[in-house]
Every structure is written in C-alpha cells, then in structure tokens.
Amino acid sequence: MSPTPPYRLSDVQQDRISFRRRKAVRSVLLAALSTAIVGTLLGVLVTGAPGWDRVRQSFFDPRIAREWLPEILEGLWLNVRMLVFCAIAALALGLLIAVLRTLRGPVFFPVRALATLYTYSFRGLPLIIVIYLMAFGVPGLRLQGTPSVTVLGGAAIVITYGAYLAEVFRAGIESVHPSQIAAARSLGLTYRQSMRFVVLPQAVRRVAPPLLNDTVALQKDVGLISLAGPIDAIRAAQIGVAQTANFTPYVVAGVLFVLLALPLIGITDWVTLRAARRQNAGT
Amino acid sequence: MVLSCTDVRKTFGANVVLDGLTLDVGEHEVVALIGASGSGKSTLLRCVNLLAEIDDGVIRLDGADITDPRVDPDSVRQKIGLVFQSYNLFPHMTVLDNITLAPVRVHKRSAAAAREQAMEWLNRVGLADKSGSYPDKLSGGQQQRVAIVRALVNSPRLLLLDEVTSALDPELVGEVLTMIRDLKGEGMTMVLATHEMGFARQVADRVAFLDKGRVLEQGPPEQVLGDPVEARTRQFLARIIEAGRL
C-alpha cells in the first residue's frame, strides 16, 4: 500500500486564505493607528490643561513617592493579611447562612428567620457604619478580653460581606434544577446528603465568577479599616499626605491596590470564561 | 404482590391527575403503563417513589403501607429504583462516582466494594471504558444506561422506568431497550411508562392503559394492544399507528 499523498488545498481555498491574511494585517494596522491617535489626544488634553503643572507637582512627585513607598508597602502587608482572612471567613459565613436559609421544617423557623433578617439588614447597612459600631462600640463595653481594633474592623467586613455572599450562594443553590434533587432523593439520599453531594458542588461551581468578583470588591474595601485606626496602606498614605502636604502617597497607595487586585481579577476572568465555555458545550 | 396501589388520588390544584387508580404488580412481573400525555403515568411513578405525596388511597410495597406519614421516605426509596426520562445524572461527577454515590453514602458499603460492583455492571453493559468520563461526554443512550446502572447497584425490589427512551435519538433507543430486556430475563420487577408500543409488546407481561387518571384496561400485551375492549384504548392505539409508532 502506498502512503496517501498529503491533502492539497484547492485554488479557491488558497485564495480565501490569502484574502483573510491580508484582511488580518489591515485590521492590526488600523487598530494601531487609532490607538495612537486616541492616546495622543488624551495626552495633549491632560498635559495641556492650564493646571497640569500644579497637579503634577502635588499628585505625581517621584521623590515623595520613593520616600513613602516603604511605609505604604508595610501598611499594604496588613491589607493583604486582612484580605486573606476576611475573604475566607466571609465565604464560610455566606455559605453557612445560605444553607441555613434553605432548611425546611417548623423546628428551623427561628434559624431561617434570623438568617433572612441578617442578609436583609447587613446588605442595607453601609460598611463604614458597621466598622465604626464594631471598632468603637464594642471596646466601649469594656468587656474582658475584647480583641484589638484590627480584629473588630475585620469582623465588620466579614459580617457585611457575608450577607452579600450568602445571597450569591443562595442564587446558586436555587439554580440547580429540581430534577437533580429528585434523582438524589430517589437513590435514598437524605435531604442533607443531597445538598452536600449533589446540590452544593454544582451551586458553588456555578456562582464561582460572582463570588470571586465580590472578593475583588472586598479586597479594596479592606482599606476601610484605616478608619478604625490601624496603619494599613491607606492610613500610611494619609500620614504621608499630612507630613508632606502632597497627595502623591495616595496615588502610590492606589497603584499598589490595583496591582494587588490584578491577579484576583485575572483569576475571575479566567474562571468566568471557563464557566461560559462549559455552558456553551451543552448539557 | 411487590407493589399494590389502591384508589390512589393525586391532584395539582384543580387538576385531578390520578383519580382512584388501582394497580397491582407481582414478583418478577413487568408492567407497561401506556396512555396519552397527561394520563398520569409519570405522576404514578413519582408517587410510588414518594417524590410526590398522594391525596388519597394507599400504596403498598411488599404489603407494607408506604404512604403512611409515619414511614421514613428515605428507607422506602432505598428499596425502589427510579430512572428518569432525562437521565438526571449528576453532571459534576464521573460515571463511576454517579454510580457509587448511593452505595457508599446510603448503603454504607466500602468505596472499594462499591467501585468493584459498579465496574462489573459497566462491563456488562459495555461502558467500562467510560467509567472516568463526565456525563456530558456520553451519548444519550450511554447516559441512560449509566442511569439504569446507578439505580440497579442499590439492588432495588422494584425498578420504575419513566419513559426512559423518549429523549433519545431513534438509533440509540435499541441499546437501552436491550438492557431492559436483559433485566427482565433476570427476574427484575419493573413498572415502565412508555410510548414504545412495540417494546411494550415484547417485554411486558401485562400492559395497563391509563386514561384520565385510572387504569381503564389491562391485560396481556397481545390483548390490550391487539384487540382492546375499550373504545378509548382503540382510539389511542389508532392515533399511535397513524403516527407510525407501532
């Protein structure tokens, strides 16, 4: 048997391919040109503004930025630790509340009612007020063993975000088709087993993108604990601003927060894309 | 009697789906439920498996009243297998995990023993190479065979099949029907709701024609499908023949 000769594309197809290649090259050139024009216009607009020199001095002073970067970075380490702790605790709290809200039966009425009341009130209450109440109100009770202001501020963030995340989890639980529960129950699994092995794994996969998105929001709101006093990145920048009478430390802190968020945002986009692809792959 | 339904009534609001239905199923017997959409076939199967609560009447399994509210529904469902029209496999689990979930979690078998039993079944139905696949990588016929295996590994007293070939492409129906025929050969007691009259004729010991929530006529397949007594049965079969399904 002779080996099959390699497939030769027809002239029509070769013509199509070269046409598409020419079109692709043209698109890239066009995109580069329009980006250059928009960029130049923006640059001219900002740097040509009458107050640009003053703004550059008080917001973008490289000397002050270098001087305050170490202090702000040190503060950022507190934000990172808070972020990790608060994200894990808020996700756990949210999942717990969402599951409590699905419990049926008269015995669980008070649990259900409390969980519902919690999600309703803490989604409405501004985070700043919760932080003030926790960080200044709780120590005011003068109880033995009151934790530090940092821990109390973190608790305020966990309580507030737990309420949001509980609703996201609940949406995920409700999105699992009832036929899945019917299948699980028909096999003899109890309600709890059906939730644990069949409903929750599917629910969490489905709401992973919005959960991560809320975690991105949480990572910047962690900066609000500066209101309670601990020296985080924002507090350090504030001190810098007060001492130099220049806003550059704020810009430095802002850039650092964006850099901190980038990996998490990247992960969120990747998970969202993967979830969308899986949905399009069909059931 | 393995299953005995007496005067079963089930309503959804003003809609009476089962209206005093009575049906008995003996050991090793295969009963095919036929009838138009909405005649109550699927609802009856869901009521037997206690997924739906009946509004009156009694359902007995091996002589014991399972519709008594003091009976633990989970313990009843452990003895009854149910296979759904749309398979309802768990999409986040592999074929093997779908099958071993109930044996391990409900029947407290060891993971190794459950896996071995599952693989034995998968070998028998020719799906051993799919044990690590996720359901969405399987054809409809393969998914439905996995769903049947998932019900069988719990060694049910009674297997309920709810239009298990209705969602399948015509060329995939055969592989599922072959499997059910094999099960009959092993003496499995089965109740199957079906639109496949040819299959009902081959595999069923008895065909029951449901109309308006009651068993209007029942008997050997040759009689009910070939020479029905009731006018409504004749009408139903005439429509089926017209649609080319017999």
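First, a word on scope: everything that follows refers to the structure included in this document. (Residues numbered from 1 in each chain as written. Chains lettered and ligands numbered in written order. Predicted model: local features only at pLDDT ≥ 70, side-chain atom pairs only at ≥ 80, totals over all residues. Heavy atoms only, no water.)

Remarks on the overall build of chain A
Now for step 1: Helix and strand content of chain A: 10 helices and 0 strands.
Now for step 2: The secondary structure elements of chain A, listed N-terminal to C-terminal, are α-α-α-α-α-α-α-α-α-α.
Now for step 3: In terms of principal-axis extent, the alpha carbons of chain A reach across some 90 × 75 × 35 Å.
Now for step 4: Going through the 283 residues of chain A one by one, you find that 35% of them count as buried. (Helix = DSSP H or I, 4+ residues; strand = E, 2+ residues; numbered from the N terminus. Buried < 20%, exposed > 50% of the residue type's maximum accessible area, 1.4 Å probe, protein only.)

Observations concerning the packing of aromatic side chains
Now for step 1: The tally for this structure, following the rule as stated, stands at 7 aromatic pairs over all chains.
Now for step 2: Considering the side-chain rings of Tyr 118 of chain A and Phe 122 of chain A, the 5.3 Å spacing of their centres and the 45° angle between planes classify their relative orientation as tilted. Taken together, the positions of Tyr 118 of chain A and Phe 122 of chain A, both in helix H4 (residues 109–124) and 4 residues apart, correspond to about one turn of that helix.
Now for step 3: Given a relative accessible area of 21%, Phe 122 of chain A falls into the partly exposed group.
Now for step 4: On the numbers, 5.2 Å between centres and 40° between planes, the contact of Phe 209 of chain B with Phe 236 of chain B is tilted. Taken together, the positions of Phe 209 of chain B in strand S9 (residues 206–211) and Phe 236 of chain B in helix H9 (residues 231–242) put the pair 27 residues apart, joining distant regions of the chain. Residue Phe 209 of chain B shares its accessibility class with Phe 236 of chain B, and that shared class is buried.
Now for step 5: Feature note: the residues Phe 59, Phe 247 and Tyr 250 of chain A constitute an aromatic cluster, connected by ring pairs.
Now for step 6: Sitting over the face of the ring of Tyr 120 of chain A, Arg 123 of chain A holds its NZ or CZ atom 5.8 Å from the ring centroid.
Now for step 7: A cation over an aromatic ring shows up here: Arg 150 of chain B above the ring of Phe 90 of chain B, its NZ or CZ 4.5 Å from the ring centre. (Phe/Tyr/Trp six-rings, centres within 6.5 Å; stacked < 30°, edge-to-face > 60°. Lys NZ or Arg CZ within 6 Å of the ring centre and 35° of its normal.)

Observations regarding the side chain of Thr 102 of chain A
Now for step 1: Here Thr 102 of chain A lies in helix H3 (residues 62–102).
Now for step 2: Take Thr 102 of chain A: its relative accessible area is 17%, and that puts it in the buried class.

A closer look at the pairing of strand S4 (residues 56–61) of chain B
Consecutive residues of a regular strand have side chains that alternate between opposite faces of the sheet.
Residue and element names in this part refer to chain B.
Now for step 1: Here strand S1 (residues 3–12) runs beside S4; their pairing, made up of 5 bridges, is antiparallel. Within S4, the position partnered with Thr 6 by the bridge is Val 58.
Now for step 2: Two elements, S4 and strand S5 (residues 64–65), share 2 bridges in a ladder whose sense is antiparallel. The partner of Leu 61 across the bridge, within S5, is Ala 64. (Pairing = 2+ DSSP bridges.)

Considerations on the interface of chain A and chain B
Now for step 1: At the junction of the two partners, chain A supplies 19 residues and chain B supplies 24 residues.
Now for step 2: With both chains or domains summed, chain A and chain B bury close to 1800 Å², and 60% of this area falls on carbon and sulfur atoms.
Now for step 3: By the criterion of area lost to chain B, the three top residues of chain A are Ser 186, Leu 187 and Phe 197 of chain A, representing 34% of everything that side buries.
Now for step 4: In this structure, the connection of chain A to chain B is made through 1 salt bridge.
Now for step 5: Measuring nitrogen to oxygen at the nearest pair gives 3.1 Å for the salt bridge that ties Asp 74 of chain B to Arg 185 of chain A. (Contact = heavy atoms within 4.5 Å. Buried area = accessible area lost by both parts, 1.4 Å probe. Salt bridge = Lys/Arg side-chain N within 4 Å of Asp/Glu carboxyl O.)

Quick look at helix H5 (residues 127–140) of chain A
Because an α-helix completes one turn every 3.6 residues, residues spaced three or four positions apart along the sequence face the same direction.
Residues and elements named next belong to chain A.
Now for step 1: In this model, H5 (14 residues) spans 19 Å end to end at C-alpha, consistent with the 20 Å of a helix rising 1.5 Å per residue.
Now for step 2: Buried within H5 are the following residues: Leu 127, Val 130, Ile 131, Met 134 and Ala 135.
Now for step 3: Against the buried residues of H5 lie H4, helix H6 (149–175) and helix H8 (191–221).
Now for step 4: Positive phi shows up at Arg 142, right after H5, with a value of about 55°. (Expected span 1.5 Å × (residues − 1).)

Points about the nonpolar core
Now for step 1: With 48 residues, the main nonpolar core has Ile 148, Leu 159, Leu 161 and Ile 180 of chain B as its most contacted residues.
Now for step 2: Two domains each donate at least three residues to this core, and these are domain 1 (1–79 + 158–246) and domain 2 (89–155) of chain B.
Now for step 3: Leaving out residues up to four positions away in the same chain, Ile 148 of chain B has contacts with Val 83, Leu 161, Val 176, Met 179, Ile 180 and Leu 183 of chain B.
Now for step 4: Ala 182 and Ala 183 of chain A together with Leu 44 and Ile 66 of chain B belong to the second-largest nonpolar core, a separate cluster that totals 43 residues. (Core = buried A, V, L, I, M, F, W, Y, C linked by side-chain atoms within 4.5 Å. Domains from an automatic or database assignment.)

Side note on the sheet that holds S9 of chain B
Residue and element names in this part refer to chain B.
Now for step 1: Pairing is mixed in the open sheet, where 6 strands are placed in the order S6-S7-S8-S3-S9-S10. In the strand order of this sheet, the two ends are held by strand S6 (80–83) and strand S10 (214–219), each with one partner. Averaged over neighbouring strand pairs, the angle between their axes works out to 20° when direction is ignored.
Now for step 2: Inspection of the sheet shows S9 paired to S10 by 5 bridges, in the antiparallel sense. Paired with Asp 211 across the bridge in S10 is Arg 214.
Now for step 3: Sitting on the sheet, helix H5 (residues 140–152) is in contact with S6 and strand S7 (158–162), with an inclination near 170° to S6.
Now for step 4: Where H9 meets the sheet, its contacts fall on strand S3 (30–34), S9 and S10, and the angle it forms with S9 comes to roughly 95°. (Axes fitted to C-alpha atoms, helices over the stretch in contact; angles between N-to-C directions.)

Quick look at the packing of H3 of chain A against helix H9 (residues 233–244) of chain A
Residues and elements named next belong to chain A.
Now for step 1: One can describe the packing of H3 onto H9 by two numbers: an axis separation of 7 Å at closest approach and a directional angle of 155°. With respect to their mutual orientation, H3 and H9 come out roughly antiparallel. Where H3 crosses over H9, the two elements pack in a sense that is right-handed. Here H3 contributes Ile 64, Trp 68, Glu 71, Ile 72, Gly 75, Leu 76 and Asn 79 to the contact with H9, which in turn contributes Ala 233, Ala 236, Ala 237, Ile 239, Gly 240, Gln 243 and Thr 244.
Now for step 2: For the contact of H3 with H9, the class distribution of residues is 8 nonpolar, 5 polar and 1 charged. (Parallel < 35°, antiparallel > 145°, perpendicular 65-115°, else oblique. Left-handed = near helix turned anticlockwise from the far one by under 90°. Nonpolar A, V, L, I, M, F, W, Y, C, P; charged D, E, K, R; others polar.)

Concerning a positive patch on the surface
Residues and elements named next belong to chain A.
Now for step 1: Among the surface-exposed residues, Arg 16, Arg 20, Lys 23 and Arg 26 lie close enough to one another that they form a single positively charged patch.
Now for step 2: In this fold, Arg 16 is placed in helix H1 (residues 11–47).
Now for step 3: Judged by its relative accessible area of 41%, Arg 16 is partly exposed. (Patch = residues over 30% accessible without salt bridge, like charges linked within 9 Å, V, L, I, M, F, W, Y side chains within 5 Å. Areas by Shrake-Rupley, 256 points an atom, 1.4 Å probe, with all protein chains shown as cover. Lys, Arg positive; Asp, Glu negative; His and termini not counted. Charge placed at Lys NZ, Arg CZ, Asp CG, Glu CD.)

Considering the packing of H6 of chain A against H8 of chain A
Residue and element names in this part refer to chain A.
Now for step 1: Their axes nearest at 8 Å, the elements H6 and H8 cross at an angle of 145°. The handedness of the crossing between H6 and H8 is right-handed.
Now for step 2: Class assignment for the residues of the contact of H6 with H8 results in 17 nonpolar, 2 polar and 3 charged.

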